[in-house]
Structures are given as structure tokens and as C-alpha cells.
Amino acid sequence: MTALGVVFRPQLPPERLRALARAAEDSGLEELWLWEDCFLEGGISAAAAALAWTERLKVGVGLLPVPLRNVAVTAMEAATLHRLFPGRATVGVGHGVQDWMGQVGARAESPVTLLREHLDALRALLRGERVTVSGRYVKLDEVALDWPPAGAPEVLTGATGPRTLRLSGEAADGTILTASTAPEGVRRARQLIDEGREAAGRTDRHRVVVYLHTTTGPDAAARLRAEIEANGEDPVPEHGVAGDAGAVAKAVQRLVDAGADTVVLQPSADEPDPEGFVRFVAEEVRPLVP
């Protein structure tokens, strides 16, 4: 069955998270996704709170920008989430927005090299290994977690360009694609991911998570167009969906048919009723998505 989720957008104040997480839990939604966008809300702290306020809901962080984080700290925080809430947390990492990384003095000269080193070390630490590495960016000396997760959790990475998509296939357990990814883009991403997996000799499962711009209600089409244009994207139909539950379910299915495993509906920044949007997805869209 296709996994379906909703984004809690960090344009909402943190104090809104509890009500939205509870709405997701009570309505039966499977997944709630959070962003660590600069300079809004912390991904790990928000995820821990949402998981603590719920009992069944899965919570994903998509994504943590690796230039901001020492890999040992990322591993410690991820391991804590996985031990406190087994099977309910997903952590994704990525390059981060380069302009933001520059603002905090953390911009890497080679973002792909940094991401590769971070992924390799993070996955090894979460497997409970003792890691010594002296890379261009990641340097660890006999580092091991005292409290690793009971089983090695999946680590996802955000990717857009061909090099990072191939890297995701090689070094990550799943890929997060942005809401500007049309179905054909998902197919192309799968091809590049598979090239990376083949190069690394990997045969394990690789999950693809895709965000989808979604608006509903009487002014849905106008709000969707404004949202996409505000993001600097081309407002073509494939870059989002506006309409009722049936229209949204069809858009979700197009992404699934192209290779998505999880589709996360991304409301507009001006969504007037975020809790109502969650209930709409869980109660009206979910029954239409196989």
C-alpha cells in the first residue's frame, strides 16, 4: 500500500505542532513530515515532540542539512529517536540550501563529497560500528554510540541533481524528492538511483519519498499557482494538484506509478486550516489511494 503523509510546514509557529500532530494521529494519517529550514524550526526537536505527543504516527524529518551538523551529533540524536520511538522515526539528510549554509559560515566547497562522507559515517554509527575516518570534511577517531538503535534504521537523503541521485542510490537507504518533481522526474530519479545502486552492488530496498504541492477548496487553483510561482518554479500542472479528494488521489497515483513509495502532501504556505487539511488527506484522500 502506498504510504501517505502531510508536511507540517515550519512557516507555522512551533506551538501549532501539537494540535496538528494530534489531528494526524486521531484521523488515522500514517506519516507526518517536518522540515529543518533555516531559520525556522529544529528538525530533531520538533520530531521528538511530535512523536511524544502521539502513539502510532510515524514522523519523518526531511531533511537535516549536513553542513550544519557534526555527524556524531546527528547519529546521537537519530539513535535517541529510534530507541525512544522504535519504528516510528525517519531521518533524512541533505546538502541544505547553499545560500543558507553561506549565511552561517558552513557552506562546503564540495557538497557532494560532504554528503557522501556524512552518509557513510552516519549509517555506520547507526549500525553500532566503531568508526575512524579522516575525510575531507568528516573526521572521527574511534567513535561509537553507547546506545545505538536495536536495528540499523534507514537513512534517507534529499536529492535533485544527477550526481546526488546516484550518490543516494550508492550510500543512502532512500531518497526524498522535492514537490517540483513531476512524474517523469520521478522516473528519471529512479533510473539514476538504480545506477548508483548497481555501481555499489546494492540489492536492498530503496524508498523514494516525493512531496506534492496540494491545495483544496474554492480558491485551490489560484493558491497553488501562487505557491509554485513564489517558489520560483514553473507553474505547470505536473508540479502540483488543486481540487477535491479525487483529483488529489489521481495525482498521488501518477507519482506512485512513476516510482514513488511514499507521497507527502505539501499544503501551501497560506493554508487557512492546517488541521483541516490533515483530516481531508486522512479521511477523504486516503480511501481513494490503494
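None of these values were measured; they are calculated from a predicted model. (Residues numbered from 1 in each chain as written. Predicted model: local features only at pLDDT ≥ 70, side-chain atom pairs only at ≥ 80, totals over all residues. Heavy atoms only, no water.)

Draft legend 1. Spatial organisation of the overall build of the chain. Each helix and strand in the chain was counted, giving 10 helices and 11 strands. At 18 Å, the chain has a C-alpha radius of gyration in line with the 19 Å of a compact globule built from 290 residues. Here the C-alpha coordinates of the chain stretch approximately 60 × 40 × 40 Å along the principal axes. At a minimum sequence separation of 6, the contacts of the chain that also span at least 24 residues come to 73%. Carbon and sulfur atoms provide 51% of the accessible area of the chain, an area that totals close to 12700 Å². With 31 positive and 41 negative side-chain charges, the chain shows a spacing of 3 Å between the two charge centroids. (Helix = DSSP H or I, 4+ residues; strand = E, 2+ residues; numbered from the N terminus. Rg over C-alpha atoms; globule rule 2.2 N^0.38 Å. Contact = heavy atoms within 4.5 Å. Areas by Shrake-Rupley, 256 points an atom, 1.4 Å probe, with all protein chains shown as cover. Lys, Arg positive; Asp, Glu negative; His and termini not counted. Charge placed at Lys NZ, Arg CZ, Asp CG, Glu CD.)

Draft legend 2. Seen up close, helix H2 (residues 43–52). Among the residues of H2, Gly43, Ile44, Ala46, Ala47, Ala50 and Leu51 are the ones counted as buried. Around the axis of H2, the buried residues are gathered within 160 degrees of arc, so they sit on the same side. Among the exposed residues of H2, those oriented more than 90 degrees off its buried face are Ser45 and Ala52. In this fold, the buried residues of H2 make contact with helix H1 (17–27), strand S2 (31–34), strand S3 (58–65), helix H3 (71–84) and strand S4 (89–94). (Buried < 20%, exposed > 50% of the residue type's maximum accessible area, 1.4 Å probe, protein only. Arc of directions from axis to C-beta.)

Draft legend 3. Representation of the nonpolar core in the model. Judged by nonpolar contacts, the single largest core of 79 residues is most densely connected at Val252 and Val263. Apart from residues lying up to four places away in sequence, Val252 is in contact with Leu4, Leu212, Val263, Leu265 and Val289. Residues Val7, Trp33, Ile176 and Tyr211 belong to the second largest nonpolar core, which totals nine residues. (Core = buried A, V, L, I, M, F, W, Y, C linked by side-chain atoms within 4.5 Å.)

Draft legend 4. How the structure looks around the pattern of salt bridges. Overall, the coordinates contain 24 salt bridges when judged by the stated rule. The shortest N-O distance in the salt bridge between Arg187 and Glu184 comes to 3.4 Å. Separated by three residues within a single helix, Arg187 and Glu184 lie in helix H7 (residues 183–200), roughly one turn from each other. Its relative accessible area of 35% is what places Arg187 among the partly exposed residues. Residue classification places Glu184 among the exposed positions, given a relative accessible area of 52%. Each of Arg123, Asp173, Asp194, Arg197, Arg202 and Asp204 takes part in one network of salt bridges that share partners. (Salt bridge = Lys/Arg side-chain N within 4 Å of Asp/Glu carboxyl O.)

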